[in-house]
Structures are given as C-alpha cells and as structure tokens.
Amino acid sequence: MSHLSILPTALTDLERLASVLLSEGYAIEHHGMLSGFGGESHHFDLKATSPCGVHFAWRRSQQSSSLELLADVERQGAAETYQPRLQRIVRLYALAKALDTVSTTSSLQGVITV
C-alpha cells in the first residue's frame with residue numbers, strides 16, 4: 001500500500017494550491033512583492049498568511065511550470081513549525097491533485113465513492 005506522504009510533488013497549479021491554503025485557514029493574496037533580506041523585494045504569484053502570522057509565498061519558475069517557494073524562516077521566528085506546516089500543505093495539494101485525477105479519468109471513476 002502506498003502513502004501520499006512519499007509521493008514526490010511538484011507544485012504547479014496556483015488555483016489548487018490556493019484552495020488547499022484557504023481550506024487550512026490561510027489568508028490568500030495574489031500577485032505582489034515580498035520584502036527580503038537587505039531590502040530586496042521578490043515578486044510573488046501567491047502569498048498565504050496563517051492566523052498566527054506565518055506566511056509562505058510562491059512564484060512561477062522562469063525555467064519550468066513549477067512554483068518556487070519564497071520564505072524567510074528565521075525572520076518570522078517560526079523555524080520549528082515551518083517545515084511541518086509546509087509538509088501538510090504539500091500533502092494536501094498532492095491529495096487534491098490525486099482526487100482530481102481520479103474524478104476526471106473515466107476508467108477510475110468507480111474507484112472512489114463520495
């Protein structure tokens with residue numbers, strides 16, 4: 001039996017990611033600038049902020065269709081909770097993607113019941 005936790009997941013779909021983040025209670029912002037170290041700014045396509053103020057941001061890679069994570073773990077003071085939060089987001093994204101695949105593939109539609 002396989003587990004979703006071991007599936008490699010490349011985040012590529014901003015809308016699916018936004019949906020997952022909203023379901024987890026994050027506030028979503030589309031397109032903006034994220035302040036970085038030393039006054040740098042980075043464009044983001046999607047930013048998610050938790051109720052406790054921890055945020056993640058993603059931008060579309062210039063080299064591929066994947067999304068790149070933008071984060072300043074140390075400045076947010078949440079290093080110990082950052083990785084578990086990110087792992088949960090990625091697992092839920094993978095689950096949503098798998099369920100979408102099953103529901104849109106006619107030969108698999110009988111596999112799941114709602």
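Here we summarise the structure given alongside this text.

Reading guide: rules and limits
Residues numbered from 1 in each chain as written. Predicted model: local features only at pLDDT ≥ 70, side-chain atom pairs only at ≥ 80, totals over all residues. Heavy atoms only, no water. Core = buried A, V, L, I, M, F, W, Y, C linked by side-chain atoms within 4.5 Å. Buried < 20%, exposed > 50% of the residue type's maximum accessible area, 1.4 Å probe, protein only. Helix = DSSP H or I, 4+ residues; strand = E, 2+ residues; numbered from the N terminus. Contact = heavy atoms within 4.5 Å. Polar contact = N/O pair within 3.5 Å; in protein donor to acceptor, adjacent residues only side chain to side chain. Phe/Tyr/Trp six-rings, centres within 6.5 Å; stacked < 30°, edge-to-face > 60°. Lys NZ or Arg CZ within 6 Å of the ring centre and 35° of its normal. Pairing = 2+ DSSP bridges. Axes fitted to C-alpha atoms, helices over the stretch in contact; angles between N-to-C directions. Salt bridge = Lys/Arg side-chain N within 4 Å of Asp/Glu carboxyl O.

### Here's the deal with the nonpolar core
No. 1: Ranked by size, the top nonpolar core spans 15 residues in total, and within it Leu17, Leu21, Leu46, Phe56 and Trp58 carry the most contacts.
No. 2: With 4 residues, helix 1 (residues 14-23) is the largest single contributor of residues to this core.
No. 3: If sequence neighbours within four positions are ignored, Leu46 has contacts with Leu14, Leu17, Ala18, Leu21, Ile28, Glu29, His30, His31, Phe56, Ala57 and Trp58.

### Digging into helix 1
No. 1: Along helix 1, the residues that are buried comprise Leu14, Arg16, Leu17, Ala18, Val20 and Leu21.
No. 2: Capping the start of helix 1 is the job of one residue whose side-chain oxygen sits 3.0 Å from the backbone nitrogen of Glu15: Asp13.
No. 3: Looking at the residues trailing helix 1, positive phi occurs at Gly25, about 90 degrees.

### A few points about the packing of aromatic side chains
No. 1: The full count for this structure, using the stated rule, is 2 aromatic pairs.
No. 2: Ring geometry for Phe56 against Trp58: centres 5.9 Å apart, planes inclined by 25 degrees, an arrangement best described as stacked.
No. 3: In this structure Trp58 comes out as buried when scored by relative accessible area, which is 1%.
No. 4: Grouping aromatic residues by their ring pairs yields a cluster made of Tyr26, Phe56 and Trp58.
No. 5: Positioned above the aromatic ring of Tyr93, the side-chain terminus of Arg16 is 5.8 Å from the ring centre.

### A few points about the sheet that holds strand 4 (residues 67-70)
No. 1: Spatially, 1-2-3-4 is the arrangement adopted by the 4 strands of the open sheet, whose pairing is antiparallel. Of all the strands in the sheet, just strand 1 (27-35) and strand 4 have a single pairing partner and so form its edges. Each strand of the sheet is rotated relative to its neighbour by a mean of 35 degrees, with strand direction disregarded.
No. 2: Relative to strand 4, strand 3 (residues 55-60) runs antiparallel, the two sharing 4 bridges. Counted as the bridge partner of Trp58 is Leu69 from strand 4.
No. 3: Docked against the sheet, helix 1 engages strand 1, strand 2 (41-49), strand 3 and strand 4, running at close to 45 degrees with respect to strand 2.

### Structural notes on the pattern of salt bridges
No. 1: Applying the stated criterion across every chain, the model contains 4 salt bridges.
No. 2: When the shortest N-O distance is used, the salt bridge between Arg16 and Asp100 registers 2.7 Å. One end of the pair, Arg16, is in helix 1; the other, Asp100, is in helix 3 (residues 79-104), with 84 residues separating them in the sequence.
No. 3: With a relative accessible area of 16%, Arg16 lands in the buried category.
No. 4: On the basis of relative accessible area, Asp100 is assigned to the partly exposed category, the value being 34%.
No. 5: A salt bridge links Arg59 to Glu68; the nearest nitrogen and oxygen atoms lie 2.8 Å apart.

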